[in-house]
Each structure stands twice: as structure tokens, then as C-alpha cells.
Amino acid sequence: MTTSGVLVVGEARVTVLGVRHHGPGSARAVRAELERLRPDAILIEGPPEADPLVRLAPGLDPPVALLAHVPGAPSRAAFWPFAGFSPEWQAILYGVSAGVPVRFCDLPAAHTLAEDPRGDEDQPPDARPADPIGTLAAAAGYDDPERWWEDVVEHRPGPTAEAPAHGPAPWFEVIAEAMAAVREGHVPDEREARREAYMRRTVRAALKQGHTRVAVVCGAWHVPALAGPPPSAAADNALLRGLPKVKVELTWVPWTYGRLASWSGYGAGVTSPGWYHHLFTVPDHPVERWLAEAAGVLRDEGLAVSSAHVIESVRLAESLAALRGRPLAGLSEVTEAARAVLCEGDDLAVELIQRRLVVGDRLGHVPDGVPMVPLQRDLRDQQRRLRLRPEALDRELDLDLRKPLDLERSHLLHRLRLLEVGWGTPGQARGKGTFRETWTLRWRPEHDLALIEHAALGTTVAAAATRRAADRAGGGSAALAELTALVEHCLLADLPDALPAVLAALSARAALDTDVTHLMAALPAMVRAHRYGDVRGTPAEGLAVIVRSMLDRIRIGLPVAVTGLDDDAAADLLKHIDAVHAAVALLTEHAEHMDQVDQVEQAELAEHAQLAERPEGARSEVGRPEGGQGEAGRPEGGRERERWLATLRGLSDRQDLHGLIEGRLTRILLDCGELDDAGDRMSRAMSRGQAPARAASWVEGFLSGGGLLLVHDPRLLSLVDGWLTGLSGDQFTDVLPLLRRTFGAFAAPERRSIGERLRSAGRERDRDDAHDLDDRRAAGAVATVLSIIGRTPARTPARTPARTTEGER
């Protein structure tokens, strides 16, 4: 077996350049070696179906990736990422610029995706049974393979395109020799054997086409299999015969340095793509420039970093490299220098440099000329029109839905969420207004795969989201809560064409679902959707009918649902009761708002009608009507509130309720002004005839709405205080967990106010007790105590009573 990495076949010469994927030193060396060799054909490790896409490479902005997927089954997909410092990428750019044919020579994606139905997204194309870099590093006495590779390859100046070596590049020979030693005795598994057999087949095809100077760029591990004496063509063909095959499609997609990093799950990735990008793009003074950029990152965050800090950090990094015998300060040295000098030991500042520079936030770009499915192209057009540029880092976006541009942005982001494209993650809007939304945007490469997956649903984002919503509703297996959430999504995404199908499915499911807790869980989303129809200007016909129907079923089923509950079931049902109560309140607000709108509209219509009946030129004041109920059905919110509170009032009078439920219902009715005997109810609930545990549950339910009621109602506070002080030691221990959970949920100011109320009440009782003290009767006890402690009692003037009673005589 040859160890030079060169295979001579007759007059033809095949040079195998073993590289490390995504290595800046390897990339520079490959470019320089290609300039020296002037090959007439270049073969690169990768899927051969991508050969037609090579010509597009000069127009791309890396990092980018080749995406291969099976039409109709996008979960079966694979990515081949390339960065600007990838040796394969530099070989592609050289071949296209020099007019040299460039082909991929790895096993076709049609076979690899057929073999693994789960896809190959997170599996590197260069999977191998051993770690050759780690083996060589250990042989050289290194405990870190990354550091060994940096010292041997990445930090060595070596040849460049401007100053190529005269003669074969020595390190390609060294790499070939080292890999031959590592692979000695190695028997490849079936997958690896097939990959290398196909690579040899591609080399034979290139030689058969008349190429005499063939350059092969592949992972260093494969050099001995390609440069050594090859097996017969028949043997390779036998390995490749009968492989499963599927139809695949390929395209270029943007990639990120975050996904290129090995921690992201990409097995052939590197730990520091940002650092390698720096080494590749800054050949002179890389350490000085790196630490200057790190200082700039810290300054952008408001941290004070001077030029003197940068100078001292450079000196420290170079000193560390000299002490460790390294040719150039590596990532570990510059990181330690930045930590000690620039960051002054602050780990958060070091993490900032790690995220911004070591990994990097670079996102590649693919121009419009690259093949895309119509759905991808429509999204790109909308991103450009709405001025929403995809970025690799998190970006906060505040939207004011009263503005047309922001409203369209909101519609787009919600439509993408229906298509499972999580470009935007909704957050908690600032303020109480329903016209604001907050999003966190971050583009990930897999979003393109999701768009491809849903490409069959429509050619535009709106059409695809509409079809997706209708399909989810029409499947027949969607739960009630899922359907109500889908209605809300359709309104948020402005998909009126999807609403009829979704509402029909929701109505059918609500009519058949007999579990009242399912209805209670689904109602809040329906009420929110009903309100969105007004805030966003989206029609939501039919929602009011469904909401009223669901509320009727809840009112009918709730008396049965509250029977025989244990503690956990009661707590769970209480959450549903609170959610429905809040939804009814929102529905009431909506109805009152619409009534006001109706009154204004009717007044304006009446005014116009009266003016039309008057002679021309007549001028007089026209009064507005005082009443007005609006359209039929709109005042229903107020009536629904009355019916809901009547249901709760009926439940609160039952004797078989769980204490938690009874206490909460009492509080709700009290806050709504429906009770005037809350104190009597609390007194009965905490009487001596009740078990302490049930009384504690009642208090927990009653106070779950907040503790301010105890601050402003001295009678209720006195009842709770009297009940607590009347408990025995064992009883208090039993109810203590419930009490801690109840009072621990109060805000700190509420707890403080309750404590102050209790303290002031205690002082008043002490003063009252002091006024009731009989000095004459206490004098004897005082004298006795003073004698015990050795003090002489002061003489107390005798009190002469105004009159002497018969008993005193």
C-alpha cells in the first residue's frame, strides 16, 4: 500500500488530498495544492446527485449546506454543511473558477436515505468506527485531539495560493502515511466499505473519460482506501449491487455556525467555527486581531475595556503558548488571556465571547437562483416585503397590531407556526392591551426542511397554512382543546377560509364530548378567539353560538363534576373553574363593548334619518337614543354572566362540596357582589364542628384570589385569627402545610399588611385588658413577686371608695 496519497494508473495520476472537514489549515493547503497540481478533474466527498448544483457555489454566502430529502417523506433527509474554511468548499470554488469539472464521489443520497428511514440529519457523512485524529494525538502525547490538530496543521503557515510549495505538499504525504498506520488491520463495516467502493468507482469513471490529473478531496480517514492498491472493479460492483434506492431531491440551504459546531449534534462538526473562520480569513496577526474583536464585543455590552487590556492579553496569550511549546497561541491560550485580562475573571463575560466569537452567529445566504419549492420562495418574498431578515441570533420583535405592517408580520409568524416553522416564538406582551405582541425570532436551518415538508399543501404560506388547519380539523382525531386552539390560531393567522371547516369540527366535537372538564379546558381559548375577531378586525361568525352551547353544557355538568372529589381532583377542577370564570368575564367585557358600539351606530343612523326628513337648511339638535341592545345575540355576555353566577350560587349552598371548592366559590361570589353573608359562611366553615383539615382547605380556596380581603375586612381577619389560635398543637401541625401554601402565595406587601393588622389588633386587645385591671386586687400579687426577687414594694396610697358595698363590709 502506498503512503504518499498518490495513485498512478498508466499515464494518469490520482492525487488524494486527505483533509479534516471544516479545517482552515486544510482549506488553505487544498487551495494551494490545487493551484500547484492544475488538475483536469476534481472529485469531492459528497452526494453525486448534487453535481448540477456545483455551478451555483460562487453565488452563495457560506455557511451553507446541501440538503437531500425524499419527496413526500421530508423526515428522511440529510445535510452536508460547508463553511468558507471547509477544504471541500475551497476545492469547489477553485474548480468553478478554473473551469475544471467538479463532481461528488460519495455514496449517493438515494441509497443512504433508503437505508436509514429515520434520515441522516444528525449523522455525519463521514461516520467511521474509530477516531483517527484522537489516535494520532495520543501517539504524539496530546490529551486533546483539537490541540494536536491545531499545532500540526491549523497553526502551521504552510503553502498558500499566493506562495505554493514547489513539489508535493509534505503534509498531505504525512497525513496519508499516518492514516495508513492508523488503519492497519482495520476491517471496514458494510456501510463504510460501500462508501469507499463507490468512491473508487467514481475515480475509475473519471479516468475512463480521459482525465489524467485527478484530484480527490476527502476525509483523511479514506486516503489509504483510495490511494492504495485498489480492489478489482468487479469486487466493488459486487458490494454496490442491489442497494435499496429512493427518489431524492437536493438543493442548497443556509446554514449557521451554531449548527456547524459539534455540540449541536453534527458529528463531523468543530467546537469553534467562529475561531476557525477567524484563522482562515485573518492570516496575519490572528491573535492580536482576535483579542481586539473580543474587546469590541465586551464594549458593545457596556463593559469598559481599554487598548491596554488588549495589549496585556496578547502578551499573556503568547507567553502561555511559549510555555506550552505551541507554534501559535491557540483557542485555549486566547480564552485564558481574555478571561484573566479582558474579563477580569468574570465567567459571564467569557461566555459572551464564547457565544459571539468562538461559535459565532453567522448565517449563510442562498440567492434566489437556487432551486426552491414555491413555499420557500413565497416566504422569502414576504420576508423581504415585511422587512424581516432571518438571523441566527435571537432578535426581539415588538408588534403594534394597530399598524398594518406589524399586523401583517403577526399574520405571517402565526401562519408559520401552523406549518411547524418555529421562526418566531411568541412571548408575554408588555402592558395589558390586546393590540401588542412580542416575538423572539431566530432562524434555524431545519426551518427550510419544514417548508419543503409542507410544500404540497400550497404554493404560498397563507394557502399552505389554510390547508394545514383544515387537515388537522378534518382528521377526526383532534381533541376538543386542540380544536379550540386551532380556531384561535386561525384567527391570529388571519385564515378566514380555514375557519368554516375548523368550526364545524369543533361544533361536532363539543356536542359529543360529555366530559365537563374537557369543555372547561376548551372554553377560554374559544372566548379569546371570539374577542380576537374584534381586536384584529377578523370576522369570527359562529363563535358566539358555540361559546354559548359550551357554557350551557358546563353549567349542566358542573354540579355532577364537583361531587366526591379528593384533594388533587379538587385542585385540578378549581383551575378549570377559575379559567371559565375569567373567560365569562372577558365575554361580558366584549358584550358591553359591542353594546356601546351599537348605541353609537344606532344614534348616528337615527340622526341621519331625521336630518333626511327635515327640509333643506333646517338645523336643530337631534338627540341620541338612550337605550339600544345592538344586534341580536350581542348582549348575551351579560346574561351568560348572570347564568354562570347563578350556577355557582347553587353549588355554594351544597353541603357535600370539597372545602377547597366551597371556599373558592364563596370568594368568587363575594367579589362579584352576589353574597352578603360571606362572614357567616366562613364562621360555619371554621367552627369547632368542622375538621381542621377541611377548614384549612376552605380557607385556602377562599383566599386563593389574594390576601387583600383580609386587610380590608377586619371581621374576616378576626375569624381566621380566632380559628388558628383555637387549634391545638397537633391540629396546627396537621394543617400547617395547607396554611403555608395559602399564605405563601400572597404577595409580600399583602403578607406585610396582614401582619401589621394582626399586630395592631393585638395591641388594642392589650390596652383593653389593661383598662379592665383592678389595681387593689393586683397589689397583693405584685407585692409577692417583688418580695421573691428581693425588692421592697412601693407604698401604694389606699383607694377610698366612694361608697362601701355590703359585700366589702
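All figures in this text were calculated on a predicted structure; none of them were measured in a lab.

Overview of the packing of helix α12 (residues 286–300) against helix α14 (residues 331–342)
For any two helices packed against each other, one specifies the inter-axial angle together with the distance between the axes.
Link 1 in the chain: Two elements in contact, α12 and α14, have axes separated by 11 Å at closest approach and are oriented at 40 degrees. Relative to α14, the element α12 is oriented oblique. You can see that α12 and α14 cross each other, and the crossing is right-handed. Within the contact between the two elements, α12 uses Val287, Trp290, Leu291, Ala294, Ala295 and Leu298 and α14 uses Leu331, Val334, Ala338 and Leu342.
Link 2 in the chain: Of the residues in the contact of α12 with α14, the class split is 10 nonpolar, no polar and no charged.

Overview of the side chain of His447
Link 1 in the chain: Relative to the assigned elements, His447 resides in helix α18 (residues 446–453).
Link 2 in the chain: Contact partners of His447, with chain neighbours within four places excluded, come to Val421, Gly422, Trp423 and Arg442.

What to know about the packing of aromatic side chains
Link 1 in the chain: Scanning the model with the defined rule gives 8 aromatic pairs in all.
Link 2 in the chain: Here Phe85 and Tyr257 contribute two aromatic rings whose centre-to-centre distance is 5.9 Å and whose plane-to-plane angle is 50 degrees, an arrangement assigned as tilted. With Phe85 in the loop between β5 (73–82) and α2 (87–98) and Tyr257 in helix α10 (residues 257–260), this pair connects stretches of sequence that are 172 residues apart. Each member of the pair, Phe85 as well as Tyr257, carries the same accessibility label: buried.

Things to note about the confidence of the model for the chain
Link 1 in the chain: Here the chain shows a mean pLDDT of 79. Residues at 70 or above account for 81%.
Link 2 in the chain: Note on residues 117–129: pLDDT under 50 across the span, and 40 contacts to partners over four residues away in sequence or across chains.
Link 3 in the chain: pLDDT under 50 marks residues 796–809. Its contacts with residues more than four places away, or in other chains, come to 5 contacts.

Focus on the sheet that holds strand β3 (residues 41–44)
Link 1 in the chain: The strand order across the open sheet built from 5 strands is β1-β2-β7-β3-β6, with neighbouring strands paired in mixed fashion. On the outer flanks of this sheet lie β1 (6–9) and β6 (102–104), each paired with one strand and no other. Within this sheet the neighbouring strands show an average axis-to-axis angle of 20 degrees, counted without direction.
Link 2 in the chain: Pairing analysis gives 3 bridges linking β3 to β6, with the strands arranged parallel. Its bridge partner lying in β6, Ile42 is registered against Val102.
Link 3 in the chain: Strands β2 (12–19), β3 and β7 (213–219) of the sheet are contacted by helix α1 (residues 24–37), whose axis makes an angle of about 165 degrees with β2.

Concerning the packing of helix α20 (residues 480–492) against helix α21 (residues 499–512)
Link 1 in the chain: At a closest axis distance of 9 Å, the pairing of α20 and α21 adopts a crossing angle of 155 degrees. Between α20 and α21, the interaxial angle falls into the category roughly antiparallel. Both α20 and α21 take part in a crossing whose hand is left-handed. Facing Leu480, Leu483, Thr484, Leu486, Val487, Cys490 and Leu491 of α20, the residues of α21 in contact are Leu499, Val502, Leu503, Ala505, Leu506, Arg509 and Ala510.
Link 2 in the chain: Residues belonging to the contact of α20 with α21 are distributed by class as follows: 12 nonpolar, 1 polar and 1 charged.

The rules behind these values
For every chain, the first residue of the written sequence is number 1, and numbering continues from 1 along that sequence. A pLDDT threshold of at least 70 governs which residues receive local features in this predicted model, and a stricter bar of 80 or more applies before side-chain atom pairs are shown or counted, although totals over entire chains, interfaces and linings include all residues. The basis for every side-chain value is the complete set of heavy atoms in the structure, and neither hydrogens nor water enter the calculation. Helix axes use the C-alpha atoms of the stretch in contact, all axes being lines fitted to C-alpha atoms, and the angles between their N-to-C directions lie in the range 0 to 180 degrees. A helix here means a DSSP run of H or I that spans at least four residues, while a strand means a run of E at least two residues long, and both kinds are numbered starting from the N terminus. An angle counts as roughly parallel when it lies under 35 degrees, as roughly antiparallel when it exceeds 145, as roughly perpendicular when it falls between 65 and 115, and as oblique in every other case. Crossings are assigned a handedness: left-handed for a near helix turned anticlockwise from the far helix by less than a right angle, right-handed for a clockwise turn. Working rule for contacts: check all heavy atoms of both residues, and any pair within 4.5 Å makes them a contact. The nonpolar class holds Ala, Val, Leu, Ile, Met, Phe, Trp, Tyr, Cys and Pro. Asp, Glu, Lys and Arg form the charged class, and all remaining residues, Gly among them, are polar. Two rings from Phe, Tyr or Trp (for Trp, the six-membered ring) form a pair when their centres sit within 6.5 Å of each other. Planes less than 30 degrees apart are called stacked, planes more than 60 degrees apart edge-to-face, and all others tilted. To sort residues, take the accessible area from a 1.4 Å probe on protein chains only and compare it with the maximum for the residue type: under 20% means buried, over 50% means exposed, and anything in between is partly exposed. Values of pLDDT, the confidence the predictor places in each residue, fall between 0 and 100. DSSP-based pairing: two strands are paired if at least 2 bridges between them are found.

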